[in-house]
Amino acid sequence: MAVKAQIRTCLLQTLSSPVPDAHSTASQVIAKVAGIELPQKQWPELIGSLLSNIHQVPAHVKQATLETLGYLCEEVSPDVVDQDQVNKILTAVVQGMNAEEGNNDVRLAATRALYNALGFAQANFNNDMERDFIMRVVCEATQSPEVKIRQAAFECLVSISSTYYEKLAPYIQDIFNITAKAVKEDVEPVALQAIEFWSSICDEEIDILEDYGGDFTADSDVPCYYFIKQALPALVPMLLETLLKQEEDQDQDEGAWNLAMAGGTCLGLVARTVGDDIVPLVMPFIQENISKPDWRQREAATYAFGSILEGPSPDKLTPLVNVALNFMLSALTKDPNSHVKDTTAWTLGRIFEFLHGSTVETPIITPANCQLIITVLLQAMKDAPNVAEKACGALYFLAQGYEDMGASSPLTPYFQEIVQSLLTVTHREDAGESRLRTAAYETLNEVVRCSTDETAPMVLQLAPIIMTELHQTLEGQKLSSDEREKQSELQGLLCGCLQVIIQKLGALEPTKFVFMQYADQIMNLFLRVFACRNATVHEEAMLAIGALAYATGPDFAKYMPEFYKYLEMGLQNFEEYQVCAVTVGVVGDVCRALEDKILPYCDGIMTQLLKDLSSNQLHRSVKPPIFSCLGDIALAIGENFEKYLMYAMPMLQSAAELSAHTSGADDEMIEYTNLLRNGILEAYSGIFQGFKNSPKTQLLIPYAPHILQFLDSIYMEKDMDDVVMKTAIGVLGDLADTLGSNAGSLIQQSLSSKEFLNECLSSDDHLIKESAEWAKLAITRAISV
């Protein structure tokens, strides 16, 4: 204890050191210590001694103390500090921000501290007088002569906009004036925060309106204040003005963020917040600038158009897009300026993403313009890397829009040419710039994924090409770590591409037969990829192997001796839990392919899965798929699952108990709980179906009461989603179907089986209804025996 006290004293003394590095490090250390001690009710005098420092004369002591209070608020959660101390901290901080405070370092430290302390100020924001005072001081600080203080003050406003949205109404007009002035006149870092304030308000209103849907009446108490709708006539012109502030080289730099980009992003959020209302405010700006000689005006007009395509209704946008489309296609080939081309290609991508597809009533892409669109995009893919990358993106959404078209896709006649152009892009000398190579492969995958049966023979020709490319990345040359990372990325993309090819060709009998001649080589390539030990590539190769197992069926057995060790490695990979999750999914694919041929590997797999389930190091998102995987194994090996029952059932049982009760959980937790329940139910379903018609079904009887109790309790909670509902009613049917008369009486005694069945029978969801009708038959049979 003496040592602790000594350390604390030294830290507080160092806070008064005139050496900037010393006092600023001390303030971070004190906050870290507080983060450990305050929740345990230790060092109770800390905040008091910090506050007594505030009145000290040397400015650097004041500054260091305010910094410490700021860090402290970042480290500890609001419930650790009692309200009386919160009030004192806020008073000290707000006084430090005041314009009377002559020292700018102190004002800056105070403004930054307020940013961290806002989460503590709930009670203070509920009090009108205190809130008015805090808001006044923050707004005054946005006018400070010191740039960093103005920036920090706007950061506080952004944080207030999301934390205390419902308290902003009295101040919104003043804030608009302050932000508009900053956007027009201030330096970029300050102006960016001023725009961020409005983006943040949009985020809040989009969330509120999504939560409540369109079904509320004007007088209901929806907590939306429609700030954006009210500010529209002034806000939109302000944002359009920023679009003309582009930087000369903004397209080349991936991480670039400037006024024009922030303005366009905010404009896009405004469009999502107010929908159709934004269109008449933006169209005059577009019409006025789209043909101007200055590239900045043409680019700004195009950017404005692209930004408002998500939000307004297709009815409102389609006529405008039909007018603009030819103009844009011509700009993409003929505009002399690379920025304009870049933004035009991006805008075309947004048109295809939001206004093209099986759900859109009036098609934008017609037999008349389809060829021109493809010709222009393929031409643009030869342009500078940044333009080519956006053109690939546009082609991606163009292909995706035809995904549900069934037999004939307008892209079919151009398939060969599109694939050839994309492959050419991947071999460009400069494909490493602007994510171009990645974009080309992602687009190639999408084009193959959304292609029709007609083009399958061409996909077959693509297979050996991609295999060769993957083979080349595996040839052992010594690489620098930077090159190795690029190579891993390329391997991942090629595995992804092979996955899509396997799925496409494996689904059709004629191509499947020819494709099988490649299976050995492909599997061999994947095994070599695993030897490279890189998490992202592992994930892609695993997914591709899952597709291969599905396509080859029982023949996959010959790969198991080689593949098994990598399967085991994936299941043991706690650190890169996505790899673990994908591997669990592949175990399911392999079970479906091999059925009881998987038996020799089951001991190892089951041991690993049970280890995963009982580990608290494994990310929770992997647990639901592991449970459904147990069901896949049981389905595959049937009554041979007997020896695992004594291990698997208790695990399922304890997980089921945990997931049955969710009162007081937040949305995210409820969503996870539903995933977990679905996994558990899929396991039960697989086990019952696996044992069906076997003399060993009586082994399952002891578990039936608990399963029915689980079904009762999740039915009573009333928070299961449709997926769980369908699986749950299926399990009730499986229970009756497998156990027959042994289950009949139990089901009759169960609290809610009858209500649950009736609810599912009258469901609007035809899948739930179908499962319920099957379950009803099974239950009737079980009871009448």
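Keep in mind that what you see is a predicted model, and the values were worked out from it rather than measured. Here the residue index of a chain counts from 1 through its sequence in written order. Totals for whole chains, interfaces and linings use every residue, but because this is a predicted model, local features are given only for residues with pLDDT of at least 70 and side-chain atom pairs only at 80 or more, for both listing and counting. Think of the side-chain values as coming from all heavy atoms in the structure, minus any hydrogens and water.

Once that is clear, we can look at the environment of A64. Examined against the element boundaries, A64 turns out to sit in helix α4 (residues 59–75). Distance in space between the C-alpha atoms of A64 and V448 is 60 Å, their sequence separation being 384 residues. Residue contacts are defined here by distance: any two heavy atoms, one from each residue, within 4.5 Å place the two residues in contact. Filtering out sequence-adjacent residues up to four positions away, A64 remains in contact with L15, H23 and S27. Here a strand is any run of E in DSSP of at least two residues, a helix any run of H or I of at least four, and the numbering for each starts at the N terminus.

What follows is about the nonpolar core. When a protein is soluble and globular, its nonpolar side chains tend to lie buried together. Counting 275 residues, the largest nonpolar core has F563, I633 and F641 as the members making the most contacts within it. Here this core takes eleven residues from helix α11 (residues 188–212), the largest share from any one element. Ignoring anything within four residues of it in the chain, the contact list for I633 reads V587, C591, C602, I605, M606, L609 and F641. To form a nonpolar core, buried Ala, Val, Leu, Ile, Met, Phe, Trp, Tyr and Cys residues must be joined to one another through side-chain atoms within 4.5 Å. Burial classes follow relative accessibility: with a 1.4 Å probe on protein chains only, a residue under 20% of its type's maximum area counts as buried, one over 50% as exposed, and anything between as partly exposed.

Okay, the pattern of salt bridges next. We define a salt bridge as a side-chain nitrogen of Lys or Arg found within 4 Å of a carboxyl oxygen belonging to Asp or Glu. On inspection of all chains with the given rule, the structure shows 29 salt bridges. Where R435 meets E442, a salt bridge forms, and the shortest distance between an N and an O atom there is 3.4 Å. What emerges from the salt-bridge pattern is a single network uniting D342, E389, K390, R435 and E442.

Tracing the chain through its elements places N445 in helix α21 (residues 436–449). For N445, a relative accessible area of 13% translates into the label buried. The residues touching N445, leaving out its near neighbours within four places in the chain, are L493, G496, C497 and V500.

Okay, the side chain of N258 next. Within the fold, N258 resides in the loop between α12 (227–242) and α13 (259–274). The class for N258 is buried, based on a relative accessible area of 0%. Here a polar contact means two N or O atoms within 3.5 Å. Within protein one must be a hydrogen donor candidate and the other an acceptor candidate, and residues neighboring in sequence count only if both atoms are side-chain atoms. Within polar-contact distance, the side chain of N258 engages the backbone nitrogen of A260 at 3.1 Å. Among the polar contacts listed, one links the side chain of N258 to the backbone nitrogen of M261, at a separation of 2.9 Å.

Here we come to unusual backbone geometry. The phi dihedral of E595 is positive, around 50 degrees, even though this residue is not glycine. Topologically, E595 is positioned in the loop between α27 (577–594) and α28 (599–614). A positive phi angle is found at N693, which is not glycine, with a value near 65 degrees. Residue N693 is classed as exposed on the basis of its relative accessible area of 72%.

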